[in-house]
Amino acid sequence: MSNEERLNHLEQLREQIKLGGGQRRIDVQHGKGKLTARERIRLLLDEGSFEEFDQLVLLSGSEYAEDKVQSESVVTGWGRIDGRPVYVFSQDFTVVGGSLSTPMGDKIIKIMDLALRNGAPVIGLNDGGGARIQEGVDALASYGEIFTRNVLASGVVPQISVVMGPAAGGAVYSPALTDFIFMTQGTSQMYLTGPDVIKAVTGEDVTHEELGGAMAHASRSGVCHFAIEGEENCLQEVRRLFSFLPLNNMEDPPYVETGDDPERRDEELLRIVPEDEGRPYDMREVIYRVVDGGDFMEVHAHFAQNMIVGFARIAGQTIGIVGNQPLYLAGVIDIDSSRKAARFVRFCDAFNIPVLTFVDTGGFLPGTSQEYGGIISHGAKLVYAYAEATVPKITIIIRKAYGGAYDAMGSKHLRADLNLAWPTAMIAVMGPEPAVNIIYRSELAAASDVEETRAQLVADYKERLSNPYIAASRGYIDDVIDPRDTRVRVANALAMLRTKNDHLPPKKHGNLPL
Ligand code: HXC
């Protein structure tokens, strides 16, 4: 055989392999509104940047044959997003339903090991039926090996999972161990046990979508961080998230020239907080006006909406933003919002992303459902995450910072670097009405006109105790600022904190109240 013939032969082999499970199954995949494993990689990565590994690994149990070669049900390799390296695996549903065999597991493990050694993120595109049933314990062993690598890579390189089809059984735990999960709306489902098993065990009737669809996990369980319509959109959003992140924990996030002047003042910030302190406003509006170009990538947008978290830039530098949202539940902190914010702060801390916190919360949500659900432990996660974080931490109190929530939301006492307040800030142990009811109980009981006395006492409490000046007089607040200067003050703080070098006491690891 001449060299040219050999190359032609190799090319033919590749063409066959690229068809995965064959044209008929590709048509079925497209018919479901789904792309193939290779089409997805093309959309995810910079054009022409993908280099595949292990294309010639044969389907488990098959042998090399001249006329018919089928490769394993995953495409793996590396490529670039905006010129920066990333390792990728993309499960091929057209080959044995994208299920996990030993060779498939080995392909995934190889790129995870490379990612960890070379300090670059891993993106996994998941579309498969979990452990390949015919492989028995070997498939379970492979999952275990992948989980271990997910854990070892956690906090070292960012790991992003994109679920674009079914993910059942073992297939959900690898994504669950990664930093972010994207799901496509209407075409992806994640569950440990599917509707048939649930029906058999509990008698409960539930559809695939109700049980494990993107919106179920984005709004109810919180397992999904981004529920996106359409695969192309979804992969674009993955690229967008990637643009905010460093390649690994030893690097800073990339600087991006945004063209937005750090000195820009925003007049509207003066009018955002309503004069009536009981009225809500949208904290997102504050965020949009402060960050570069109004570009804010919200994480967990549908989950625990009383807390906002996400990525943005100020002066071209990536920051993580945490904010109470007065529009939902008046911004109180509950179990889900504590978990949401704590996990986000820890991600930022692991990857050198400064945390900017906007505070307006009446406190932790009271009630038996919260207490029985463990708000004590879950709220403690938030305190833990802020206190532990060594990245630059800047906190701005916009309006209410009452009780434990004052402490928990990035207070000076949890080692925040710069704590500012707007003149509208109300920092106190609790809101005026409940406080007056407790501390003036006997005065109210003796009053001839209870309502008038209460109104006077409330007004007096607000003036004397519920403002930013007592905290500022103690140094707990570094300055009370003109809201219009928020952006420039944060930009200056980030510049001042660029050389921050803080460490935790030596330990194996802490014991986060899980
Ligand atoms: C082997 C599988 C498979 C699997 C699918 N296929 N899942 N083969 N092992 N786990 C095959 C099917 O037999 C079929 O082959 C092809 O893939 C496409 O599957 P369909 O069922 O036709 O597709 P669809 O109707 O779209 O349904 C997709 C599905 C369903 C929802 C994923 O296939 C399914 O429920 N699969 C089983 C899911 C599951 O329970 N997995 C095991 C989890 S246990 P043909 O040749 O007929 O086209 C697990 C343990 C790990 O993962 C635990 C670690 C902690």
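For the structure itself, look to the data block above.
Residues numbered from 1 in each chain as written. Predicted model: local features only at pLDDT ≥ 70, side-chain atom pairs only at ≥ 80, totals over all residues. Heavy atoms only, no water.

Chemist: What is the right way to read the overall build of the protein chain from this model?
Modeler: Secondary structure summary: the protein chain contains 20 helices and 16 strands in total. In summary, the protein chain has a C-alpha radius of gyration of 26 Å against a globular reference of 24 Å for 514 residues, a match within 12%. Along the first, second and third principal axes, the C-alpha set of the protein chain runs to 105 × 55 × 45 Å. Counting only residues that meet the buried cut, the protein chain has 51% of its 514 residues in that class. For the protein chain, the proportion of contacts with a sequence separation of at least 24, taken over those separated by at least 6, is 73%. Summed over its atoms, the accessible surface of the protein chain is roughly 23,000 Å², and 53% of this surface lies on carbon and sulfur atoms. Taking the average place of the 51 positive charges on the side chains of the protein chain and the average place of its 70 negative ones, the gap between the two points comes to 3 Å. (Helix = DSSP H or I, 4+ residues; strand = E, 2+ residues; numbered from the N terminus. Rg over C-alpha atoms; globule rule 2.2 N^0.38 Å. Buried < 20%, exposed > 50% of the residue type's maximum accessible area, 1.4 Å probe, protein only. Contact = heavy atoms within 4.5 Å. Areas by Shrake-Rupley, 256 points an atom, 1.4 Å probe, with all protein chains shown as cover. Lys, Arg positive; Asp, Glu negative; His and termini not counted. Charge placed at Lys NZ, Arg CZ, Asp CG, Glu CD.)

Chemist: Would you explain the site of the ligand in this entry?
Modeler: By nearness alone, 19 residues border the ligand, and Arg25, Gly129, Ala131, Ile133 and Gly170 come closest of all. Within the side chain of Arg25, an N or O atom sits 2.7 Å from an oxygen atom of the ligand. Here a nitrogen atom of the ligand and a backbone polar atom of Gly129 are 2.6 Å apart. For the ligand, whose accessible area on its own is 1,000 Å², the fraction buried by protein is 54%. When residues in the shell around the ligand are grouped by element, the largest group, three residues, is from helix α5 (residues 137–153). (Near = heavy atom within 4 Å. Polar contact = N/O pair within 3.5 Å; in protein donor to acceptor, adjacent residues only side chain to side chain.)

Chemist: Sorry, what's going on with the packing of α5 against helix α6 (residues 170–177) here?
Modeler: When two helices pack together, their arrangement is given by the angle between the helix axes and by the axis-to-axis distance. Direction vectors running N to C along α5 and α6 enclose 10 degrees, while the axes themselves pass 9 Å from each other. Overall, the two elements α5 and α6 adopt an arrangement that is roughly parallel. When α5 is examined against α6, the residues Tyr143, Ile146, Phe147, Asn150 and Val151 are found in contact with a partner set consisting of Gly170, Ala171, Tyr173, Ser174 and Leu177. Along the lines of polarity and charge, the residues of the contact of α5 with α6 split into seven nonpolar, three polar and no charged. (Axes fitted to C-alpha atoms, helices over the stretch in contact; angles between N-to-C directions. Parallel < 35°, antiparallel > 145°, perpendicular 65-115°, else oblique. Nonpolar A, V, L, I, M, F, W, Y, C, P; charged D, E, K, R; others polar.)

Chemist: Explain the packing of helix α3 (residues 37–44) against helix α10 (residues 231–244) to me, please; I cannot follow it from the model alone.
Modeler: Across the interface, α3 lies against α10 with an axial gap of 9 Å and an inter-helix angle of 45 degrees. Taken together, the axes of α3 and α10 are oblique relative to one another. For the pair α3 and α10, the crossing hand works out as right-handed. Of the residues in α10, those touching α3 at Arg40, Leu43 and Leu44 are Glu231, Glu232, Leu235, Gln236, Val238 and Arg239. (Left-handed = near helix turned anticlockwise from the far one by under 90°.)

Chemist: Where do I start with the pairing of strand β4 (residues 122–128) in this structure?
Modeler: Sheet faces and side chains relate simply in a regular strand, where the side chains alternate between the two faces. Most of β4 sits out of view: seven of its seven residues are buried. Judged from the four bridges that link them, strand β3 (residues 84–91) and β4 form a sheet pairing that is parallel. Each bridged residue has a counterpart across the sheet, and for Tyr87 the counterpart in β4 is Val122. Between the parallel elements β3 and β4, the chain passes through helix α4 (residues 102–118) in a crossover that is right-handed. In the sheet, β4 pairs with strand β5 (residues 159–168) via six bridges, with the strands oriented parallel. Across the sheet, Asn126 pairs through a bridge with Val163, a residue of β5. A crossover connection joins β4 to the parallel β5 through α5; in handedness this β-α-β unit is right-handed. (Pairing = 2+ DSSP bridges. Right-handed = clockwise from strand over helix to strand, strands pointing away.)

Chemist: Even after reading the chapter, I still don't get the side chain of Lys340, so can you show me in this structure?
Modeler: Checked against the element boundaries, Lys340 lands in helix α12 (residues 335–350). At 4.9 Å, Glu298 is the nearest oppositely charged side chain to Lys340, a buried residue that forms no salt bridge. One polar contact links the side chain of Lys340 to the main-chain carbonyl oxygen of His300, over a distance of 2.9 Å. Side-chain polar atoms of Lys340 contact the backbone oxygen of Met307, separated by 2.6 Å. (Salt bridge = Lys/Arg side-chain N within 4 Å of Asp/Glu carboxyl O.)

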